[in-house]
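Inside the fold
In case you want the letters, here they are:
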Amino acid sequence: MERIYLDYAATTPLEPAAIEAMLPFLRTSFHNPSSLYEGAREARRAVDAARDRIAGVLSCHPAELIFTSSGTESANLAVIGSLIAARDSGRKKVLLGATEHHAVLNLTEWISRLGFEPRICDPRRIVEEIDEQAFLASVMHANNETGEIYDFARIGSMCRHHGVLYHCDAVQSFGILPIDLTTAPIDLLTLSGHKCYGPKGVGVLYVRAGVRLAPLITGGGQERELRSGTENVAAIVGLGAAIESTYRDASRASRIQAARDEFEKRLFGGCGEEGLPRPIPTLGEGVARLPQHCHVRFPGADAQSMLINLDSFGVDAGSGAACSSGSVEPSHVLTAMGFSASEAKECLRFTFGKDTSPEAPVEAAKRVVRAYSAVLCPRK
Amino acid sequence: MQVAYFDNAASTKVDPEVLDAMMPFLTECYANPSALHSMAFRAKAAIEEARRTLAELIGADDPAEIIFTSGATEANDTVLNTFGGRMLVSDIEHPSVRNPALESGRADLIPVDQQGTLDFEAYERLLESPTELVSVMSVNNEIGAVQDIDKIGEMAHRAGALFHSDITQGVGKHKLEVQNRPTDYATLSGHKFHAPKGIGMLWVRNGCPLKRFMVGGLQEGGRRSGTLNVAGIVGLGAAAKIAMRQGAVEIEKMARQRQRIIDAIVATVPDVRVNGQPDGAPHIINLSLYRTEGEAVIINLDSHGICCTAGAACASGSGLGSHVLNAIGLPQEWLKGSVRISLSRLTTDAEVDYLIQEFPRAVSEVRGLAGYAAG
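Residue positions are counted from 1 within each chain, in the order its sequence is given. Labels follow written order: the first chain is A, the first ligand is 1, and so on. The predicted origin of the model limits local features to residues at a pLDDT of at least 70 and limits the giving and counting of side-chain atom pairs to 80 or more, whereas totals for whole chains, interfaces and linings rest on all residues. The side-chain numbers reported here are obtained from all heavy atoms of the structure, hydrogens and water having been left aside.

**Observations regarding the overall build of chain A**
- Counting secondary structure elements, chain A contains 12 helices and 12 strands.
- Note that the radius of gyration is over C-alpha atoms, with the globule rule given as 2.2 Å times the number of residues to the power 0.38. Taking 2.2 N^0.38 as the reference for a compact globule, 380 residues should give roughly 21 Å; the C-alpha atoms of chain A span a radius of gyration of 21 Å, in line with that estimate.
- Referenced to the eigenvectors of the C-alpha coordinate spread, the extents of chain A come out at roughly 65 × 50 × 35 Å.
- A separation of at least 24 residues holds for 75% of the contacts in chain A among residues at least 6 apart in sequence.
- Methods summary: accessible areas were calculated by the Shrake-Rupley approach with a probe of 1.4 Å, and residue burial reflects only the protein chains presented. Split by element, the accessible area of chain A, about 13,500 Å² in all, is 51% carbon and sulfur.
- The positive count covers Lys and Arg only, the negative count covers Asp and Glu only, and His and the chain ends enter neither. For charged residues, the charge sits on one atom: NZ in Lys, CZ in Arg, CG in Asp, CD in Glu. Averaging the coordinates of the 40 positive side-chain charges in chain A and doing the same for the 45 negative ones gives two points 1 Å apart. By definition, any uninterrupted DSSP run of H or I lasting at least four residues is a helix, any uninterrupted run of E lasting at least two residues is a strand, and each is numbered from the N terminus. The contact criterion used throughout is that any non-hydrogen atoms of two residues lie within 4.5 Å.

Written as structure tokens, this is what we have:
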């Protein structure tokens, strides 16, 4: 039985071209890019080339990009780093979307310690809260659990109008939805390598020229003093190569969406044929969502039992964010959207990627129907 | 052209065995280890195995005391940021300890003597004021000075302070042991002992405080968030295994090569001094060339395929004099002529021969161009 991987939102496989690009830097070109000799300068050039490449797809200046160890670190640095740099600001309100990733949402305590006032807002209505008292707002481009897309242009314009810094976590959308930073009113943008076919252990933070930021990690002064620590050369190179090869695949988003749509059609149809309750999409009609996300509630079926069954049927899927898969708490995203705790624990996430085979949706839907049936009617 | 790599204190070659161990996690086993499916469980199992190996490497009983980080810099910052009170750090600490300490405004520097050994009298006096944390590295990255961290830790404990040691440069260079020693925090970085860049470790003794630094998905028991760098962690574990296997023979080999280089350079190059302790770490040599531009020597050596560095790599090209060489009181006319030659267990005798042959030539060429006149 061939396994079907439908957990692309948790992590993506590393692009073969990225591994190829990384290997020389794990074999012969292992030098510290801060040294002065030729081998080290080669490593430095490779880091710069990756930076240029990423700047190219975002339409920003390479010097506006900082490499970090993860999306989590980038988001921490964006929010906390800009608050530390502005401790004397008269503006104290920090607006956080209620469905932000924990890398943002769990910062409330730290934000308070710095003398600011964190406020959790409905991301769909956050523009109503943006005013002259706010210093920073953080609303993600697209949610990692449900795939819901938020309108960064509208949020960002409102922020700009009121002189508020805008941080956008684009970890989940990057590589699928385009962002053009020449027009997008975004001041700080967070990206993660392993969500866009690059390696784990590398993230990116875009800091618009002129935005003040204090480092969280100090030391050797790498990354223009904003992020110390020897550069993870191989991973940075891998990320650059992954992005280049992903962007060359122009039909990826439409292919992914076709696979997801086919899966949903088969899943809903299959449940009907088996006499099972119809799975309910967590996002209502008309809500913009990522082409790779299918997030549904299986009435009466506990997500953990579903995942165990799916695993034995050869489907890798997720419930909520991968980081908290083992958690007993219901998803904060779903509770913020008004789901009860028990409803939230019946939700599963199937996420598709550019390597999903054309046959996978049909076969995966069959297996999910079987798992649902096994969970609801164990003796059948 | 022959090549010789003598910048192992800046970064080491990834051991091919380490890369082999990593490859499955860069290819077919790519799952997020926090997910709930078979591939994720395999990744998670590999991480826990690496954690046990790391615990064994540093001589800790409980693998749960180990937290994986993106490197020693992050790990050091995490320890330093945990403390809200007064700290003491040695004057020759790596910038990832020294800078956060100084920026906190609550730290005092412990001086060292002319060889880089901690000044215990000064340390004793500094401990008279209430102190929360003492941080002293086991082996200095620029001059290879080795510290008596057991004694330093004991004194810290007697004064009611906790003790952190950055052991980055000590891995694979001497036997490590934290469990029954007066150390409370230990930090290290993978790429200094043949693991890849981008991975490090923080060991924190059970019961000692640790402020959450990276905040998010609550990985690493809530102590360090961010998707785990599976391949990097597996690589770190593989490198730890090799470091334990190598033992005394390879350490002696490095020490012997080090002595050969020092003896040859002192015999062939006029107006040179060796900084640090005569019996310092087996892999670091720090030389000063009187009234000679160290960087020019390095560039000359580079054009002949030899890699080494002036001071620490991170500060290369910064134009600031080394804080370590200032701390040991190196006179001004020796300061700019600093060259660091650092070895690893992969350094060959052929590389050593080549360095010994080329170094005097490079120095005399640089001095010739500058119209050098000895004092």
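From this point, the discussion proceeds with the structure in view.
**Quick word on the interface of chain A and chain B**
- Taken residue by residue, the interface counts 60 residues in chain A and 61 residues in chain B.
- For salt bridges, the criterion is a side-chain nitrogen of Lys or Arg within 4 Å of an Asp or Glu carboxyl oxygen. Viewed at the interface, chain B and chain A are joined by one salt bridge.
- Between Asp302(B) and Arg41(A) there is a salt bridge, and its shortest N-O distance comes to 3.6 Å.
- Going through the elements one at a time, helix H1 (16-27), helix H2 (38-58), helix H3 (71-84), helix H4 (102-105), helix H5 (108-113) and helix H9 (303-312) of chain A are the ones with two or more residues in the side of chain A that touches chain B.
- For the side of chain A that touches chain B, the element with the most residues is H1(A), which contributes five residues.
- Gly is put with the polar residues, along with every residue not named as nonpolar or charged; the nonpolar set is Ala, Val, Leu, Ile, Met, Phe, Trp, Tyr, Cys and Pro, and the charged set is Asp, Glu, Lys and Arg. Residues belonging to the side of chain A that touches chain B are distributed by class as follows: 22 nonpolar, 25 polar and 13 charged.

**Here's the deal with helix H8 (residues 252-273) of chain A**
Residues and elements named next belong to chain A.
- Multiply 1.5 Å by the residue count of a helix minus one, and that product is the helix's expected span. The first and last C-alpha atoms of H8 sit 31 Å apart over 22 residues, in line with the 32 Å expected at 1.5 Å per residue.
- By the burial criterion, the buried members of H8 are Arg252, Ile256, Ala259, Arg260, Phe263, Glu264, Leu267, Phe268, Gly270 and Cys271. End-on, the buried residues of H8 take up no more than an arc of 165°, which puts them together on one face. Those residues of H8 that are exposed and angled more than 90 degrees off the buried face are Ser254, Lys265, Gly272 and Glu273.
- As for H8, its buried residues are in contact with helix H7 (233-248), strand S9 (280-281), strand S10 (293-297), strand S12 (347-351) and helix H12 (360-376).
- Gly275, located one to two residues past H8, shows a positive phi value of around 70°. Buried, partly exposed and exposed residues are distinguished by accessible area as a fraction of the type maximum, computed with a 1.4 Å probe on protein chains only: under 20%, between the cut-offs, and over 50%, respectively. Taking the helix axis as origin, the arc is that swept by the directions to the C-beta atoms.

**Focus: the environment of Val18(B)**
Residues and elements named next belong to chain B.
- With respect to the helices, strands and loops of the structure, Val18 is situated in helix H1 (residues 16-26).
- On the basis of relative accessibility, which here comes to 0%, the residue Val18 falls in the buried class.
- Residues Val18 and Ala55 lie 37 residues apart in sequence; the distance between their C-alpha atoms is 18 Å.
- When residues no more than four places from it in sequence are discounted, the contact partners of Val18 are His194, Ala195, Pro196, Gly235, Ala238, Ala239 and Ile242.

**A word on the domain arrangement of chain A**
Residues and elements named next belong to chain A.
- Domain start and end points were adopted from an automatic or database domain assignment. Assigned domains within chain A: domain 1 (16-248) and domain 2 (251-376).
- Relative to domain 2, the C-alpha centre of domain 1 lies at a distance of 29 Å.
- The interface of domain 1 with domain 2 comprises 23 residues on the first partner and 27 residues on the second.
- Roughly 2,100 Å² of surface becomes buried between domain 1 and domain 2 when both sides are summed, with 60% attributable to carbon and sulfur atoms.
- Looking at the side of domain 1 facing domain 2, the largest losses of area belong to Glu145, Thr146 and Ile176, adding up to 35% of the total buried there.
- Counting the contacts that link domain 1 with domain 2 gives zero salt bridges.
- N or O atoms closer than or at 3.5 Å make up a polar contact, with two conditions inside protein: a donor-capable atom paired with an acceptor-capable one, and, for residues adjacent in sequence, both atoms drawn from side chains. In this assembly, domain 1 and domain 2 are joined by 11 residue pairs in polar contact (both at pLDDT 80 or more).
- Among the secondary structure elements, those contributing two or more residues to the side of domain 1 that touches domain 2 are H4 and H7.
- Within the side of domain 1 that touches domain 2, the residues separate by chemical class into eight nonpolar, 11 polar and four charged. Two parts lose some accessible area (1.4 Å probe) when they are put together, and adding that loss for both gives the buried area.

**What to know about the pattern of salt bridges**
Residues and elements named next belong to chain B.
- Under the definition given, this model contains 43 salt bridges over all chains.
- Two residues, Glu48 and Lys44, come together in a salt bridge whose shortest N-O distance is 3.2 Å. Residue Glu48 and its partner Lys44 are both found in helix H2 (residues 38-58); the two are separated by four residues, about one turn of the helix.
- On the basis of relative accessibility, which here comes to 24%, the residue Glu48 falls in the partly exposed class.
- Close ionic contact of Arg361 with Glu365 constitutes a salt bridge, the shortest N to O distance being 2.9 Å. Placement of both Arg361 and Glu365 in helix H11 (residues 349-369) is noted, with a separation of four residues, approximately one turn of the helix.
- Judged by relative accessible area, Arg361 falls into the partly exposed class, the value being 21%.

**Quick word on the packing of H2(A) against H7(A)**
All names here are of chain A.
- Look at H2 against H7: their axes get within 9 Å of each other, and the N-to-C directions meet at 35°. As H2 runs across H7, the sense of the crossing is left-handed. Contact residues: H2 offers Ala43, Ala46, Val47, Ala50, Arg53, Ile54 and Val57, while H7 offers Val233, Ile236, Val237, Leu239, Gly240, Ala241, Ile243, Glu244 and Tyr247.
- The residue makeup of the contact of H2 with H7, split by class, is 13 nonpolar, one polar and two charged. To get an axis, a line is fitted to the C-alpha atoms, and for a helix only the part in contact is used. The angle between two axes follows their N-to-C directions and goes from 0 to 180 degrees. Should the near helix be turned counterclockwise from the far one by less than a right angle, the crossing is left-handed, whereas a clockwise turn marks it as right-handed.

**Side note on the nonpolar core**
- Among buried residues, those of type Ala, Val, Leu, Ile, Met, Phe, Trp, Tyr and Cys that are joined through side-chain atoms within 4.5 Å constitute a nonpolar core. Among the nonpolar cores identified, the biggest contains 102 residues, and Leu189(A) and Ile58(B) are the most heavily contacted of them.
- Excluding its chain neighbours within four sequence positions, the residues that come into contact with Leu189(A) are Leu58(A), His167(A), Cys168(A), Ala170(A), Ile179(A), Leu181(A), Val204(A), Leu205(A) and Tyr206(A).
- If you look at the next biggest cluster of nonpolar residues, it comprises 35 residues, including Leu177(A), Leu267(A), Val368(A) and Val375(A).

**As for the sheet that holds strand S4 (residues 117-121) of chain A**
Residues and elements named next belong to chain A.
- Ordered in space as S2-S8-S7-S6-S5-S3-S4, the seven strands form an open sheet in which the pairing is mixed. Strand pairing shows two members of the sheet lacking a second neighbour, strand S2 (65-68) and S4, which therefore form its edges. Across the sheet, the axes of successive neighbouring strands diverge by a mean angle of 20°, strand direction being ignored.
- Think of it this way: DSSP has to see at least two bridges between two strands before they count as a pair. Judged from the four bridges that link them, S2 and strand S8 (residues 203-207) form a sheet pairing that is antiparallel. Directly across from Ile66, in S8, lies its bridge partner Leu205.

**Concerning the packing of aromatic side chains**
Residue and element names in this part refer to chain A.
- Only Phe, Tyr and Trp rings take part, Trp by its six-membered ring, and two of them pair if their centres are within 6.5 Å. Stacked means planes under 30 degrees apart, edge-to-face means over 60, and tilted covers everything else. Going through the model one piece at a time under the given rule, you end up with 15 aromatic pairs over all chains.
- Taking the centre distance of 4.9 Å and the plane angle of 75° together, the rings of Phe298 and Tyr372 count as edge-to-face. A residue pair is termed long-range when its members are at least 10 positions apart, and Phe298 in the loop between S10 and H9 and Tyr372 in helix H12 qualify at 74 residues.
- For Phe298, a relative accessible area of 0% gives the class buried.
- Joined through ring pairs, the aromatic side chains of Phe263, Phe298, Phe350, Phe352 and Tyr372 make up one cluster.
- By definition, being over a ring means that NZ of Lys or CZ of Arg is both within 6 Å of the ring centre and within 35 degrees of the ring normal. If you follow Lys92 out to its NZ or CZ, it ends over the ring of Phe116, 4.6 Å from the centre.

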